[in-house]
Amino acid sequence: MINRLVRLFIQDCDNVTDPAVREKYGVLSGAVGIVLNLLLSAGKFFAGVVTGSIAITADAFNNLSDAGSSVVTLVGFKLAGKPADEKHPFGHARIEYLSGVIVSFIVLFLGLQLGMTSVQKILAPQPADFSALALGILGVSVLIKLWQCFFYRSVGRTIHSDTVFATSSDSRNDAIATTVVLLGAL
């Protein structure tokens, strides 16, 4: 499925040394992340509201931040793909590294926020009511995050991008975190 997606949206996808092809891979990665993470965020927010679970609601906001990180990735690759000019005689490729640093800071900030919210919830607990729908949303979310992890890893290997590799690791960690929430609910 990953190869079909790549071949559908990237012409000459095997020519990864071409900066234009590399840019298209990065833009595809960002677009996939934006769409899937917005869908996951909406589903988890709904499940969190229905169940009253702060863990699920926090997971929804994590997916929303992942969509924001995907925007940073997309913009970073678009800017990195710009040709050299007078001010940047060697091109703009280093912007990709900057976007990777920004994504890392977003992940760190949200991890700290989630930790603070969790401590507050431990100090003032409220009962949660888990439904089959909420559990189903979490299960599907784990599968989607695992797919994203493999997708990003494949793209990262193809274009040798640390930014996309970092996004793969974030998706893997999200799958693990959501699995823990799911196990806790069960």
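As the structure is a prediction and not an experimental result, all values here were calculated from the model. (Residues numbered from 1 in each chain as written. Predicted model: local features only at pLDDT ≥ 70, side-chain atom pairs only at ≥ 80, totals over all residues. Heavy atoms only, no water.)

Things to note about helix 6 (residues 162–185)
So, step 1. Look at helix 6: 34 Å from first C-alpha to last across 24 residues, which is about the 34 Å you get at 1.5 Å a residue.
So, step 2. Looking at helix 6, one finds that the buried residues are Thr163, Val164, Thr167, Ser168, Asp170, Ser171, Asp174, Ala175, Thr178, Val181, Leu182 and Ala185.
So, step 3. At the N-terminal end of helix 6, a side-chain oxygen is found 3.4 Å from the backbone nitrogen of Thr163, two or three residues along, and the residue is Ser161. (Helix = DSSP H or I, 4+ residues; strand = E, 2+ residues; numbered from the N terminus. Expected span 1.5 Å × (residues − 1). Buried < 20%, exposed > 50% of the residue type's maximum accessible area, 1.4 Å probe, protein only. Polar contact = N/O pair within 3.5 Å; in protein donor to acceptor, adjacent residues only side chain to side chain.)

Things to note about the packing of aromatic side chains
So, step 1. One pass over the full model with this rule turns up three aromatic pairs.
So, step 2. Counting every residue linked through ring pairs, the aromatic cluster contains Trp147, Phe151 and Tyr152. (Phe/Tyr/Trp six-rings, centres within 6.5 Å; stacked < 30°, edge-to-face > 60°.)

Some details on the confidence of the model for the protein chain
Regions with low pLDDT carry predicted coordinates that are not meant to be interpreted in detail.
So, step 1. Chain-level pLDDT for the protein chain is 83 on average; 89% of the residues reach the 70-or-more range.
So, step 2. Averaged over each element, pLDDT in the protein chain is lowest for helix 4 (residues 95–123) (73) and highest for helix 5 (residues 132–159) (93). (pLDDT = per-residue confidence, 0-100.)

Considerations on the nonpolar core
So, step 1. Formed by 16 residues in total, the largest nonpolar core has its most connected members in Val6, Ile10, Tyr25, Leu28 and Phe151.
So, step 2. Listed by contribution, the elements that provide at least two residues to this core are helix 1 (2–9), helix 2 (19–51) and helix 5.
So, step 3. Among the elements that line this core, the one with the most residues is helix 2, at five residues.
So, step 4. Discounting residues that sit within four places of it in the chain, Ile10 has contacts with Val21, Lys24, Tyr25 and Leu28.
So, step 5. If you look at the next biggest cluster of nonpolar residues, it comprises seven residues, including Ile56, Leu138, Val181 and Leu182. (Core = buried A, V, L, I, M, F, W, Y, C linked by side-chain atoms within 4.5 Å. Contact = heavy atoms within 4.5 Å.)

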